[in-house]
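Chain and residue survey
Below, each chain spelled out in residue letters.
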There are 2 protein chains.
Amino acid sequence: MSTDLMPNRYRPGESDLPEREAALIARRDAVLGASYRLQYRRPVHFVRGEGMWLYDPDGRAYLDFYNNVPSLGHCHPEVNAAMAKQAARISANTRYLEPRLVDYAERLVGTFPEELDRVVFTCTGSESNDLALRIARFASGGEGVIVSSYAYHGTSGAVAAVSPNLGDAVKLSPFVRMVSLPGPAGIPESQAGDFFEAQIRSAILDLNRRGMGVAALLIDSIFSSDGVWVDPPGFIAGGVAAVREAGGLVIADEVQPGFGRTGTHMWGFERHGIVPDLVTLGKPMGNGFPIGAVVGRQAPMERFGATARYSNTFAGNTVGIATADAVLTILERDQIRQNALAMGQRLRAGLEEMAMKHREVRAIRNAGLFFGVDIGSEDTSAAARRAMALDIVNAMRDDGVLVSTTGANEDALKVRPPLVCGAEHVDLFIAAAERAITTVAG
Amino acid sequence: MSTDLMPNRYRPGESDLPEREAALIARRDAVLGASYRLQYRRPVHFVRGEGMWLYDPDGRAYLDFYNNVPSLGHCHPEVNAAMAKQAARISANTRYLEPRLVDYAERLVGTFPEELDRVVFTCTGSESNDLALRIARFASGGEGVIVSSYAYHGTSGAVAAVSPNLGDAVKLSPFVRMVSLPGPAGIPESQAGDFFEAQIRSAILDLNRRGMGVAALLIDSIFSSDGVWVDPPGFIAGGVAAVREAGGLVIADEVQPGFGRTGTHMWGFERHGIVPDLVTLGKPMGNGFPIGAVVGRQAPMERFGATARYSNTFAGNTVGIATADAVLTILERDQIRQNALAMGQRLRAGLEEMAMKHREVRAIRNAGLFFGVDIGSEDTSAAARRAMALDIVNAMRDDGVLVSTTGANEDALKVRPPLVCGAEHVDLFIAAAERAITTVAG
């Protein structure tokens, strides 16, 4: 890939920064080193968070339309109270009996189709995907993994090796095969399912010819890092069936779409009318507390668990469980998913209106409150479109609104506000986006 | 291996349990499944923790001589206050500027030899070891990893594949080589260094003959899962030098020995007078909050970071950092390491006295407050020794004291209390151990 893998970042010398910030960045670079990247040409620094808002040291408010971890809003007082209360009582691990662990586990699997009735806890989405791959390889006997062309599934060695989005510097596993998505390939929706299935069948054929077998299809049902390709619902079903036929497991990576973000469903795979074998959870599960999980069908989960020991020190500890339990309670009580659906519709309507006025808004895709908004008109170069998207992201940041970019060409705005987003926030966002496009497109 | 990989666990039907517990275990098994194991023949359930003590629902107190995550004691009020205060203010990720992240990073690397001046945060010890292996492979260009015979380094796919302790059910990587330790091989201390180095050189030779190259020697400096083999200090130095000569990196897994547990030093590798290339942290870093890190030399860290993106959503977030910062403050202010040294000496003296009275105490090994106590006299079978260790662990549990087993034969008591352990706790522990040995050995 020739594109910059993280275009929305600070590059030393690119912007004039206040002395205070420049000095902090120098210290940061000296101790944290090159793995760490700051977002935006002029990095942001927040000292307080509340609901949809983040505040910098000068008291300036930023509207957060980017962070998908604090789905219930920044610093949710009830979630924090649940965490603090449990931490004061006991932080016990899963090798001790703990009713609350069992209660939450039952509650969590209760939000899934009944075939998915087992759960193992982890601390991060990466750990969830890593464990799911271990289970799939164990249960299938195969090694091959099929992912989408620009998939990103996490940071562990095994998961990074099936994450082409990380670019040339991170070696891909010899056992991974990438499949193109119908949307970015320009396939009409009526043929999307056939196209996807044909890609999958071809990957299976190749894996089998090399004696690798098929362990898993690992997909994020909204294909977020590919640029948010969500439609038509159901287009993945034929590919899913083909993987099962070949003896592989289907892993739905719900780290991003899960917990109601798609609005219509609690879990993104439900939009497609399929039931996976394993489902991986992370980001919003604890509204910021490090907790994740693999939820799955009994057969593969038991086959793995009965022989291969899996013990994760922090995962499932009572503090994480109490926090995640509070998150689930609020998610249901406050009808957060329903709000994501309504606000997603309002945001889409606003963006569509904008697209009629600005040809630089090339396409809009969303499921609930996860949007990909393609920037740059058809007749401009990929580089020009990418540059325009980046300019818009930075103009919005200067205007006090946080978003970033995604997609193979990184020319789509990635918009995924906390799910507690209200109509007033949507309207503020649309106004800011319109200002930015007008300024940047001139 | 023919031994049970986790002998200290509950087996359904083995014990008569109260109805309340039996019902909870049935529900637990139905939803969490076989990956989860409960400790002890009669599992324990705790509803409150404070310092060295855990309390069950009936108010019975258990003295904790096993949990090495809450090094500062259970439910430390200052640590919890720091966590709650930061959570109420902001939980920001590392892509935003955050002075506290930089402050803590500088403070943490300041506790290491000056060559180790870079840090990347993770959420768990497994993530730390997984990342360290990625960095080592990237920086060395090699693939081979050398570990001890019964090493355990974590749960991710890549790390489990270099953890022979997980047993036959978990496939080892074709790139891993195991080396015997001088202690369990019966080598006299005067030849320990030569023996270890010869083992390492032989592993290097084999890896190179197969064209795999050497990425890393990955060792826990107290070899905890091998049975706690700590002496003589310095015995690993020749092996470490051999790995460097072969172009490999030396990774010290400090998840268990780190943060002062060895008493004499903040970091276990310092006991051996070596400076590793990478150091991995976990368990006690946040006294229970999920946080870990890789600390390392500039060259490999920068080589990896500058090209391979590493972004861990939760790791380094301000809540974890504030919590870990409070832990480090208390560790230094309350001279926790010095206490570990003093209490380790007191515990050792008590155990040595016991060994003079009971030939079933075969050997005692420790560094600070991490002990391996071999159970069963020389003239009994491995199976009998293992059974006796397990009986003692369960007798102590029934007597209100928590420990478990370790070692290739699982016949060593694994004793690693929170580091805030006082003289009165040591004395209570010794009395309980003596009661258990007397009862079990008859």
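Residues numbered from 1 in each chain as written. Chains lettered and ligands numbered in written order. Predicted model: local features only at pLDDT ≥ 70, side-chain atom pairs only at ≥ 80, totals over all residues. Heavy atoms only, no water.

Observations concerning the overall build of chain A
Each helix and strand in chain A was counted, giving 13 helices and 15 strands. Here the C-alpha atoms of chain A give a radius of gyration of 22 Å, agreeing with the 22 Å that 2.2 N^0.38 yields for 442 residues. Seen through its principal axes, chain A has C-alpha atoms that stretch 60 × 55 × 45 Å. Within the span of chain A, comprising 442 residues, buried residues form 64% of the whole. Of the contacts made within chain A by residues no fewer than 6 positions apart, 72% connect residues no fewer than 24 positions apart. (Helix = DSSP H or I, 4+ residues; strand = E, 2+ residues; numbered from the N terminus. Rg over C-alpha atoms; globule rule 2.2 N^0.38 Å. Buried < 20%, exposed > 50% of the residue type's maximum accessible area, 1.4 Å probe, protein only. Contact = heavy atoms within 4.5 Å.)

What to know about the sheet that holds strand S13 (residues 401–402) of chain A
All names here are of chain A. Pairing is mixed in the open sheet, where four strands are placed in the order S1-S2-S3-S13. Looking at strand neighbours, the two that pair on one side only are strand S1 (48–50) and S13, the edges of this open sheet. Relative to S13, strand S3 (residues 61–64) is paired through two bridges, and the arrangement is parallel. Across the sheet, residue Asp-64 finds its bridge partner in S13, namely Leu-402. Lying on the sheet, helix H13 (residues 423–441) is in contact with strand S2 (53–55), S3 and S13; it crosses S3 at an angle near 100°. (Pairing = 2+ DSSP bridges. Axes fitted to C-alpha atoms, helices over the stretch in contact; angles between N-to-C directions.)

Describing the confidence of the model for chain A
Regions with low pLDDT should not have their predicted coordinates read in detail. Residues with a pLDDT of 70 or more make up 99% of chain A, whose mean pLDDT is 96. Under the prediction, the complex receives an ipTM of 0.97, its pTM being 0.97. (pLDDT = per-residue confidence, 0-100.)

With respect to the domain arrangement of chain A
Residues and elements named next belong to chain A. Each assigned domain of chain A is listed with its residue range as follows: domain 1 (19–72 + 335–441) and domain 2 (77–333). A straight line from the C-alpha centre of domain 1 to that of domain 2 covers 26 Å. Counting residues at the interface gives 26 residues for domain 1, matched by 29 residues for domain 2. Buried area between domain 1 and domain 2, summed over both chains or domains, comes out near 2,200 Å², and the portion from carbon and sulfur atoms is 60%. When the buried surface of domain 1 facing domain 2 is broken down by residue, Leu-72, Arg-337 and Phe-370 rank first, second and third, together holding 27% of it. (Domains from an automatic or database assignment. Buried area = accessible area lost by both parts, 1.4 Å probe.)

Re the relation of the copies chain B and chain A
With an RMSD of 0.0 Å, chain B superimposes on chain A once it is rotated by 180° and translated 0.0 Å along the axis. What the rotation and shift describe, once combined, is the action of a two-fold rotation axis. Same-surface contact between copies: 100% of interface residues of chain B are shared with the interface of chain A. (Least-squares fit on C-alpha atoms with pLDDT ≥ 70 in both.)

Considerations on the side chain of Asp-64 of chain A
Residue and element names in this part refer to chain A. As for its placement among the helices and strands, Asp-64 is situated in strand S3. Within the buried set, Asp-64 has no salt-bridge partner at all; the shortest N-O distance to an opposite charge, 7.6 Å, is to Arg-416. A polar atom in the side chain of Asp-64 sits 2.8 Å from the backbone nitrogen of Tyr-66. Of the polar contacts made by the side chain of Asp-64, one reaches the side chain of Asn-67; its length is 2.9 Å. Contact partners of Asp-64, with chain neighbours within four places excluded, come to Met-52, Leu-54, His-74, Leu-402, Pro-417 and Pro-418. (Lys, Arg positive; Asp, Glu negative; His and termini not counted. Salt bridge = Lys/Arg side-chain N within 4 Å of Asp/Glu carboxyl O. Polar contact = N/O pair within 3.5 Å; in protein donor to acceptor, adjacent residues only side chain to side chain.)

What about the packing of aromatic side chains?
One pair of aromatic rings is described through two measures. These are the centre distance and the angle between the planes. One pass over the structure, following the stated rule, counts 23 aromatic pairs over all chains. Taking 4.4 Å as the distance between ring centres and 10° as the angle between the ring planes, the aromatic pair formed by Phe-65 of chain B and Phe-429 of chain B counts as stacked. Placement of Phe-65 of chain B in the loop between strand S3 (61–64) and helix H2 (77–89) and of Phe-429 of chain B in helix H13 (residues 423–441) is noted, with a sequence separation of 364 residues between them. Each residue in the set Phe-112, Phe-259, Trp-267 and Phe-269 of chain A is aromatic and connected to the rest through ring pairs, giving one cluster. (Phe/Tyr/Trp six-rings, centres within 6.5 Å; stacked < 30°, edge-to-face > 60°.)

Some words on the sheet that holds strand S10 (residues 292–297) of chain B
Residue and element names in this part refer to chain B. Spatial ordering of the open sheet is given by S4-S10-S9-S8-S7-S5-S6, a layout of seven strands whose pairing is mixed. Because the sheet does not close on itself, it has two edges, and the strands there are strand S4 (116–122) and strand S6 (176–179). For this sheet, the mean angle separating the axes of adjacent strands, direction not counted, is 20°. Each of strand S5 (144–148), strand S7 (214–219), strand S8 (249–253) and S10 is contacted by helix H7 (residues 237–245), which is oriented at about 140° to S8, the strand it contacts most.

Structural notes on the interface of chain B and chain A
The interface of chain B with chain A comprises 95 residues on the first partner and 95 residues on the second. Contact with chain A buries area across many residues of chain B, yet Tyr-96, Leu-97 and Arg-309 of chain B alone supply 11% of it, more than any other trio. Across the chain B-chain A interface, the total number found is six salt bridges. Lys-171 of chain B is the salt-bridge partner of Glu-143 of chain A, the closest N and O atoms lying 3.6 Å from each other. For the pair chain B and chain A, the number of links is 38 residue pairs in polar contact (both at pLDDT 80 or more).

Observations concerning the pattern of salt bridges
Oppositely charged side chains are able to pair whenever their charged atoms sit close together. Applying the stated criterion across every chain yields a total of 64 salt bridges over all chains. Residue Glu-106 of chain A is joined to Arg-27 of chain B by a salt bridge in which the shortest nitrogen-to-oxygen separation is 2.8 Å. You can see Glu-106 of chain A sitting in helix H3 (residues 99–109) and its partner Arg-27 of chain B sitting in helix H1 (residues 19–32), one on each of two chains. Taking relative accessible area as the criterion, Glu-106 of chain A reaches 31% and is therefore assigned partly exposed.

Brief notes about helix H9 (residues 298–307) of chain B
Residue and element names in this part refer to chain B. Taken as a whole, H9 has its buried residues at Pro-300, Met-301, Phe-304 and Gly-305. Here the buried residues of H9 occupy an arc of 115° about the axis, which is enough to place them on one side. For H9, the exposed residues set more than 90 degrees away from the buried face come down to Ala-299 and Ala-306. The elements touched by buried residues of H9 are S4, helix H4 (125–140), S8, strand S9 (278–281) and S10. (Arc of directions from axis to C-beta.)

Digging into the pairing of S5 of chain B
Residues and elements named next belong to chain B. Summarising burial for S5: five of the five residues are buried, a large majority. Of the two faces of S5, both are covered, the one formed by Gly-144, Ile-146 and Ser-148 as well as the one formed by Val-145 and Val-147. Relative to S7, S5 runs parallel, the two sharing three bridges. Within S7, the position partnered with Ile-146 by the bridge is Leu-217. Pairing between S5 and S6: four bridges, direction parallel. Along S6, the bridge assignment pairs Ile-146 with Arg-177.

Overview of the environment of Ile-204 of chain B
All names here are of chain B. Looking at the secondary structure, you find Ile-204 in helix H6 (residues 192–209). With 127 residues separating them in the primary sequence, Ile-204 and Leu-331 have C-alpha atoms 39 Å apart. If near-sequence neighbours (up to four positions away) are discounted, Ile-204 is found in contact with Ile-146, Val-214, Ala-242, Val-243 and Ala-246.

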